[in-house]
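Below are the chains, spelled out letter by letter.
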Amino acid sequence: MAMRDARREPPDRDRQPGATDSQHGQQVEAERDRNATLPAERDRAPERIQMASDQPSHPEGALQAASPSDVAEPIVVENTLWTAASPNAYGGNQPASITHLRELDVEDKSDNARWSGALEIIPTKADYVLDLIRANSLWPLLSGLACCAIEMMSAATSRNDMDRFGMFPFRASPRQADVLIVAGTLTTKMAGPLVRLWEQMPEPKWCVAMGDCTCSGGRYKRSYAVVEGIDRIMPVDVYVPGCPPRPEGLIYGMLKLQQLIIERRGHWPDRQVGPSVPAGV
Amino acid sequence: MTADATRIRSLDDPTLFVDTPATIYDAVPPYPPRSEREAEFYHLRDGELLINLGPQHPSTHGVLRVVLKIDGERVVDLDPVLGYLHRGVEKICENGDWHHAISNCDPLEYVASMFSEAMPVLACEKLLDLEVPRRAEYIRVLAWELNRIASHALFVGWLALDLGGLTPILYSFIERDEIVEMLAALTGQRLLFNYLRIGGVNGDLNHEFMSRLGDWMSHAAEQLDNNQKLLNENEIFVRRTKGLGTLDRETALRLCMTGPPLRATGIPYDVRRAHPYSVYPELEFRIPTREEGDSYARYQLHLDEARESIHIIDQVLHQMPDGPVMAQIPRLIRPRPGRAWIAIESPRGQYGCFAISDGSDQPFRLRIRDPSYFNLQAVGVLTPGNLIADTMAIMASLDPIMGGIDK
């Protein structure tokens, strides 16, 4: 399957509808030859035709496997709304501000994911878009340790209703959750299971420390059985102090978490991943 | 160790890595059996399987861990593992003075902390032979009964939630938040009130509390009836709780159970009536009981008690005397050397405290008797033979609070 490099070569609009198949076939042949001269392409085995599993006896109905080079191509959206101010806009390496954005009189806008107009190509990072989605649909883990859990449930139910801000569905399984709200005193015996919960959560995940006990040990700081702050055993994004904080306090903390996710948009891969327990703990 | 053993982190100690067979590492402790009971429990017969319930499980009301031995969908045996919320409250109380003990005992029973914070207060007053002003006693009873209703409202919601119904807990929290906001106007805190003081209470009733209380009293009974309709006529709820976890009187007494689980078997034991304290002898109320002793009876009993509490609050508001709310006591309290036992009726049963004073300003020993701990023991008697899903219904109907169990 031959695909054009859409950035360099815009779709040819002047082509006659009656162009013969042989012309098109020649063009494809030429491209294939050009590719074949590249050493990497020469070494690669010819594309293998995979059959659809439900049509074993019909090779023409078989599905074609996508090669790695196809996946890397940009998504091309057919442009039906505007024409570029300069025909060489994309081919001539000109900045986006003098092309379609000038046409639509939105020069103050940059050509990024925030732009919601019709674009031929959306040049963005998947993480930018995904983080926006993540921030507005936080799924906390329903794991209460002690007193704060009651206020966490109060924040989720009728009077305070966290659902308004897009963070309702309290999941009972760590494998479906985004946010671990550690609500209540963390004891040394519970520290192991809690770290295991944290490590079971899939990777875009955040941690909110709710209550004084989880922030610093709180009123049990001097106890022999209490971990003085959960940041000793796992990374924490937002601290919500209070003994216990009001439900409004927790909601404010979760809104701060949304803000934090949006500000760090696209920087998720920079964050430390993997085992969160430092050596020597 | 066999070749397929895996190196995993111990559940009990995060610094400890143990070699355990990976297939059953969740349930089997990483040490050899310490008793005959443990050896028998962890010896699996053909077709039996060990699974973990908790410590993180929405139905365990905190961080209780129960190792279930199951055969198919039936629970054969179970082994509760406690201590995941052990905060060393009793030891901390010995290190501060008597006033500090009030706020340290607060989070023991965190759904009804007005009761657990009364422990050092009443024990110290008994050691001091202190006369508490009558208005303070009435305010205490008012706060206790309000907190009892809030706790019972949550019980109903949790029971339904553990059976798979989300709606009732939304209504429970409406009522609970109304009461808790009212108490916050009185005490300044929603959950851990820290309101009772040795010799009285922290502050007199204020205008905001009284206006909120008046609003609530005007529709409290009606709201209770409405919430009750959600579950009483729900066929799924009734069929899943009726006849489930039936407890007989002898077992209940043998396990030292108190509170609603005991009264649901027909024994009218209530500390407010059996060993009267505060101004309860001056108030009229009845002790509701049920004969069946199953989960449904325990649920019904909680609703009856909430109605009685509304009745008590009504009387308290009519009989409330004027006067001070704090006794004249020195700031530094040194009770005489001696021992004192006090008990009150919390929403979960007899909440007791055994205090020893050595004559200093600190308690020498403060032993808390939490009813949840004794009520929870019934899970071991009631659950075997039932389905796994019914374990939740039984456990929720006993209403354990892990803060008091693990202390």
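Scroll up to find the structure this text is about.
Below is a short write-up of the structure. As the structure is a prediction and not an experimental result, all values here were calculated from the model.

Rules and cut-offs
- Residues numbered from 1 in each chain as written.
- Chains lettered and ligands numbered in written order.
- Predicted model: local features only at pLDDT ≥ 70, side-chain atom pairs only at ≥ 80, totals over all residues.
- Heavy atoms only, no water.
- Buried < 20%, exposed > 50% of the residue type's maximum accessible area, 1.4 Å probe, protein only.
- Helix = DSSP H or I, 4+ residues; strand = E, 2+ residues; numbered from the N terminus.
- Pairing = 2+ DSSP bridges.
- Phe/Tyr/Trp six-rings, centres within 6.5 Å; stacked < 30°, edge-to-face > 60°.
- Lys NZ or Arg CZ within 6 Å of the ring centre and 35° of its normal.
- Contact = heavy atoms within 4.5 Å.
- 1 Å grid on protein atoms, 1.4 Å probe; cavity = no way out; pocket = protein on both sides within 12 Å on 5 of 7 lines; lining within 4 Å.
- Points joined across faces, edges and corners; volume = space filled by probe spheres on them.
- Nonpolar A, V, L, I, M, F, W, Y, C, P; charged D, E, K, R; others polar.
- Expected span 1.5 Å × (residues − 1).
- Buried area = accessible area lost by both parts, 1.4 Å probe.
- Salt bridge = Lys/Arg side-chain N within 4 Å of Asp/Glu carboxyl O.
- Polar contact = N/O pair within 3.5 Å; in protein donor to acceptor, adjacent residues only side chain to side chain.

### Things to note about the pairing of strand β4 (residues 65-71) of chain B
Each regular strand shows side chains that alternate between the opposite faces of the sheet. Residue and element names in this part refer to chain B. With six of seven residues buried, β4 lies mostly within the body of the structure. Relative to β4, strand β3 (residues 48-53) runs antiparallel, the two being bridged by six bridges. Residue pairing across strands places I51 opposite L68, the latter belonging to β4. Judged from the seven bridges that link them, β4 and strand β5 (residues 74-81) form a sheet pairing that is antiparallel. The residue of β5 that forms the bridge with L68 is L78. Following β4, the chain reverses through two residues before pairing antiparallel with β5; G72 in that reversal takes a positive phi of roughly 70°.

### Observations concerning the packing of aromatic side chains
Inspection of the entire model under this criterion finds eight aromatic pairs over all chains. Ring centres 5.0 Å apart and planes at 75° place the aromatic pair B:F237 and B:Y299 in the edge-to-face group. With B:F237 in helix α9 (residues 235-241) and B:Y299 in helix α13 (residues 295-319), the pair connects residues that are 62 residues apart, well separated along the chain. As far as burial versus exposure is concerned, B:F237 and B:Y299 are alike and both buried. One aromatic cluster is present, formed by B:F115, B:W144, B:Y277, B:Y280 and B:F285 through successive ring pairs. One cation-aromatic arrangement involves A:K205 over A:W198; the distance from NZ or CZ to the ring centre is 4.6 Å. Above the face of the B:F374 ring, B:R369 is positioned so that its terminal group lies 4.1 Å from the ring centre.

### Side note on the environment of B:Y280
Residue and element names in this part refer to chain B. Mapped onto the fold, Y280 is located in the loop between α12 (271-274) and α13. When its relative accessible area of 1% is taken as the criterion, Y280 is described as buried. In this structure the C-alpha to C-alpha distance between Y280 and V316, which are 36 residues apart in sequence, comes to 9.8 Å. Excluding anything up to four places from it in sequence, Y280 contacts V141, W144, E145, R148, R272, F285 and I312.

### Considering empty space enclosed by the protein
Where empty space is left in the structure can be found by rolling a water-sized probe over the atoms. Using the criterion set out here, one finds six cavities of 30 Å³ or more in the structure. Computed from the structure, the largest cavity encloses a volume of approximately 280 Å³. What lines the largest cavity is a set of 20 residues, among which A:A149, A:M153, B:P58, B:H61 and B:G62 lie closest to the centre. With four residues, helix α6 (residues 148-156) of chain A is the single largest residue contributor to the lining of the largest cavity. The class makeup of the residues in the lining of the largest cavity is 14 nonpolar, six polar and no charged. One number sums up the size of the second largest cavity: a volume of about 120 Å³. Taken together, 14 residues form the lining of the second largest cavity, with B:A153, B:V156, B:S172, B:N227 and B:L303 sitting closest to its centre. For the lining of the second largest cavity, the elements supplying multiple residues, two or more each, are α6 (134-162), α7 (167-187), α8 (207-232) and α13 of chain B. Residues belonging to the lining of the second largest cavity are distributed by class as follows: eight nonpolar, five polar and one charged.

### Quick look at α7(B)
All names here are of chain B. Look at α7: 30 Å from first C-alpha to last across 21 residues, which is about the 30 Å you get at 1.5 Å a residue. A large share of α7 lies buried, amounting to 16 of its 21 residues. Just beyond α7, the residue with positive phi is G188, at close to 95°.

### Let's talk about the interface of chain A and chain B
On the chain B side, the residues contacting the 41 residues of chain A number 42 residues. Interface area for chain A against chain B, summed over the two sides, is near 3,600 Å², with a carbon-plus-sulfur share of 61%. Our enumeration of links across chain A and chain B arrives at three salt bridges. Taken together, the connections running from chain A to chain B amount to 14 residue pairs in polar contact (both at pLDDT 80 or more). Elements with a minimum of two residues in the side of chain A that touches chain B: α6 and α7 (188-200) of chain A. It is α7(A) that contributes the most residues to the side of chain A that touches chain B, 10 residues altogether.

### Notes on the pattern of salt bridges
Scanning the model with the defined rule gives 36 salt bridges over all chains in all. A salt bridge links B:E125 to B:R140; the shortest N-O distance between them is 2.7 Å. Here B:E125 is found in helix α5 (residues 118-128), whereas its partner B:R140 is found in helix α6, with 15 residues between them in sequence. The closest approach of N and O atoms between B:R348 and B:D399, which form a salt bridge, is 3.3 Å. In this pair, B:R348 sits in the loop between β8 (338-346) and β9 (349-357) while B:D399 sits in the loop between α16 (388-398) and α17 (402-406), placing the two residues 51 residues apart along the sequence. One salt-bridge network, held together by shared partners, links A:E151, A:R246, A:E248, B:R176, B:D177, B:E181 and B:R190.

Bear in mind that shape data such as this cannot, by itself, settle questions of function.
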